[in-house]
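# Inside the fold
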Amino acid sequence: NLSDKLDKALHILKGHGQITEVNVAETLKEVRRALIDADVNYKIAKEFTARVKEKALGQNVLKSLKPGQLMVKLVKDELTELMGGEVVGINVSGNPSVVLMSGLQGSGKTTFSGKLANFLKNKKTKKPLLVACDVYRPAAIDQLHIVGDQIGVEVFSDKGNTDPVAIATAGVAHAKANGCNVVIIDTAGRLAVDEVMMNEIANIHKAITPQETLFVVDSMTGQDAVNTAKAFNDILNFDGVILTKLDGDTRGGAAISIKSVVNKPIKFIGTGEKMEEIDVFYPSRMADRILGMGDVVSLVERAQEQFDEEEARKLQKKIAKNQFGFDDFLKQIQQVKKMGNMKDLIRMIPGAGKMMKDVDIDDDAFKHIEAIIHSMTLAERSKPQIINSSRKKRIGKGSGTSVQQVNQLLKQFDQMSKMMKMMQGGGGKRMMQMMGK
Ligand code: GDP
Ligand code: MG
């Protein structure tokens, strides 16, 4: 997927202390290829890399202190810019405000109508009404009623009435009469752009003059998403885009292309079938997601501020000589804690965000560990193997933990020491160097 490919492309730079012009060009070529593979329009991808290159030259990347990081940052910033830069919210300030959904069949209009109603309802100041204007399938009306029941929002429908314009108008009147301040109009889509659908949505649009006309698009449809967006925008001049089905392994390419082609902001994303699975669209977060790298730059920057170079070198030597003890471990924990919230930190590590998503990391998790180490004598800290069962009992008592907890820490420490020794030749060393630099 795009993330992996960009990751690979940028890896060339991340690992390098020195960057050559060839290196930059090569990386940008890879970035361009990755974007195209992810359904980003060829022209957009090409312009994108050209702009990054220009900025890289302008900022004299090659001569900068941390060229790799600067390049990664340039790519990320440009990607963010390409997707609109700023967060653009939804305008529901009217009374009532009318929100019209448009898009192909199956794009997720009905689901998103429910999600948006739920989202607004939770804001307390909004009382939404859902209006069912998909008159072609009786099941479509039922579907919206099911959604409405689920979230506790009223649904206006008129089974048997085949005129969506009339239903929409009646829906707005119903909202006014019943104190609903947001009307969300769910409409019918078709499998592909056709004249009948376009005429119908244009007529509804004309009749109710919505405050927000939203175009809902399935992010899995790739380049087609862009063409559809263009067709709808030509007719409706919509206000914003909703990108659905961005859960799972979906490529983010559509987000990039659509914004560039229709120049309308992406306002929300759908990340699942459940009513709660809606998110405001943040261009910079999407860029992070596309790059799949977390906020590498700030992680490295923060790490560099906190890790003393000399300390890191000493530590490395100790590990190499098998002298890494609990005192060193304690120091490490304190260093890590200084860097801030554990969850934030782990999220910033490339790839770790995905891996650690379901793991609950407690900032207090270190408390027990620190207490146990503090209860050890200096001899015990540097030579853990002398800790026998009577010592364990004493340590447990002193730290307010159990012998089991002490045992567990000893075991973990032993495994960790072995692992660190093993990693000496490979990634571990690189990581230490990165931290120490
Ligand atoms: P409509 O024809 O435009 O009204 O589309 P629906 O709202 O009926 O959605 C079509 C299908 O896509 C349904 O099975 C939804 O559950 C599913 N769906 C909608 N939004 C999302 C989403 O964000 N993620 C996932 N995974 N499925 C979605
Ligand atoms: Mg529908």
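Residues numbered from 1 in each chain as written. Chains lettered and ligands numbered in written order. Predicted model: local features only at pLDDT ≥ 70, side-chain atom pairs only at ≥ 80, totals over all residues.

## Some words on the overall build of the protein
Looking only at helices and strands, the protein has 21 helices and eight strands in total. The buried share among the 437 residues of the protein stands at 38%. (Helix = DSSP H or I, 4+ residues; strand = E, 2+ residues; numbered from the N terminus. Buried ≥ 20, exposed ≤ 12 C-beta atoms within 10 Å, placed from the backbone.)

## Thoughts on the site of ligand 1
Surrounding ligand 1, one finds 17 residues, the nearest of these being Gly108, Lys109, Thr110, Thr111 and Gly270. Tallying contributions element by element places helix α5 (residues 109-121) first for the shell around ligand 1, with three residues. Its residues placed into classes, the shell around ligand 1 shows no nonpolar, twelve polar and five charged. (Near = placed C-beta within 6 Å. Nonpolar A, V, L, I, M, F, W, Y, C, P; charged D, E, K, R; others polar.)

## Topic: the sheet that holds strand β5 (residues 212-218)
With mixed pairing, eight strands are arranged side by side in an open sheet as β3-β2-β4-β1-β5-β6-β7-β8. One side of each edge strand has no neighbouring strand; the edge strands of this open sheet are β3 (154-156) and β8 (278-280). Ignoring which end each strand starts from, the neighbouring axes of this sheet average 25° apart. With six bridges connecting them, strand β2 (residues 128-133) and strand β4 (residues 182-187) associate as parallel partners. (Pairing = 2+ DSSP bridges. Axes fitted to C-alpha atoms, helices over the stretch in contact; angles between N-to-C directions.)

## Some details on helix α7 (residues 164-177)
An ideal rise of 1.5 Å per residue puts 20 Å on 14 residues; α7 measures up with 20 Å between its terminal C-alpha atoms. Taken together, the buried positions of α7 are occupied by Pro164, Ile167, Ala168, Gly171, Val172 and Ala175. The buried residues of α7 all sit within an arc of 135° when viewed along its axis, so they share a single face. Turning to α7, the residues buried within the fold contact β1 (97-102), β2, β3, β4 and α8 (195-208). Positive phi shows up at Gly179, right after α7, with a value of about 70°. (Expected span 1.5 Å × (residues − 1). Arc of directions from axis to C-beta. Contact = placed C-beta atoms within 7 Å.)

## What about unusual backbone geometry?
With an omega of -5°, the peptide bond running from Asn95 to Pro96 counts as cis. You can see Pro96 is positioned in the loop between α4 (67-82) and β1. Despite not being glycine, Asn237 shows a phi value in the positive range, around 45°. With respect to the secondary-structure elements, Asn237 resides in the loop between α9 (223-236) and β6 (240-244). Taking the C-beta count within 10 Å as the criterion, Asn237 has 11 such neighbours and is therefore assigned exposed. Not every positive phi belongs to a glycine, and Asn263 is a case in point at roughly 50°. Considering the arrangement of structural elements, one finds Asn263 in the loop between α10 (253-262) and β7 (266-270).

## Section: the UniProt feature "domain: SRP54-type proteins GTP-binding" (unreviewed entry) in the protein
Listed under "domain: SRP54-type proteins GTP-binding" (unreviewed entry) in the UniProt record, and renumbered for this structure, are residues 265-278. Helix makes up 0% of residues 265-278 and strand 43%, and the two end C-alpha atoms of the span are 16 Å apart. (UniProt positions renumbered as here; feature names shortened; annotations may be inferred.)

## A few points about α8
In this model, α8 (14 residues) spans 20 Å end to end at C-alpha, consistent with the 20 Å of a helix rising 1.5 Å per residue. Looking only at α8, the buried set comprises Met197, Glu200, Ile201, Ile204, His205 and Ile208. End-on, the buried residues of α8 take up no more than an arc of 135°, which puts them together on one face. Those residues of α8 that are exposed and aimed more than 90 degrees away from the buried face are Glu195, Val196, Asn199 and Lys206. Summarising the contacts, the buried residues of α8 are in contact with β1, β2, α7, β4, β5 and α9. Following α8 by one or two positions, Thr209 adopts a phi angle in the positive range, close to 30°.

## A look at the nonpolar core
Counting 81 residues, the largest nonpolar core has Val99, Leu130, Val131, Val183 and Ile185 as the members making the most contacts within it. Here this core takes seven residues from α4, the largest share from any one element. Counting residues domain by domain, this core receives three or more from each of domain 1 (2-82) and domain 2 (97-291). Setting aside chain neighbours within four positions, we find Leu130 in contact with Ser113, Ala117, Leu144, Gly148, Val153, Val155, Phe156, Ile184 and Asp186. (Core = buried A, V, L, I, M, F, W, Y, C linked by C-beta atoms within 7 Å. Domains from an automatic or database assignment.)

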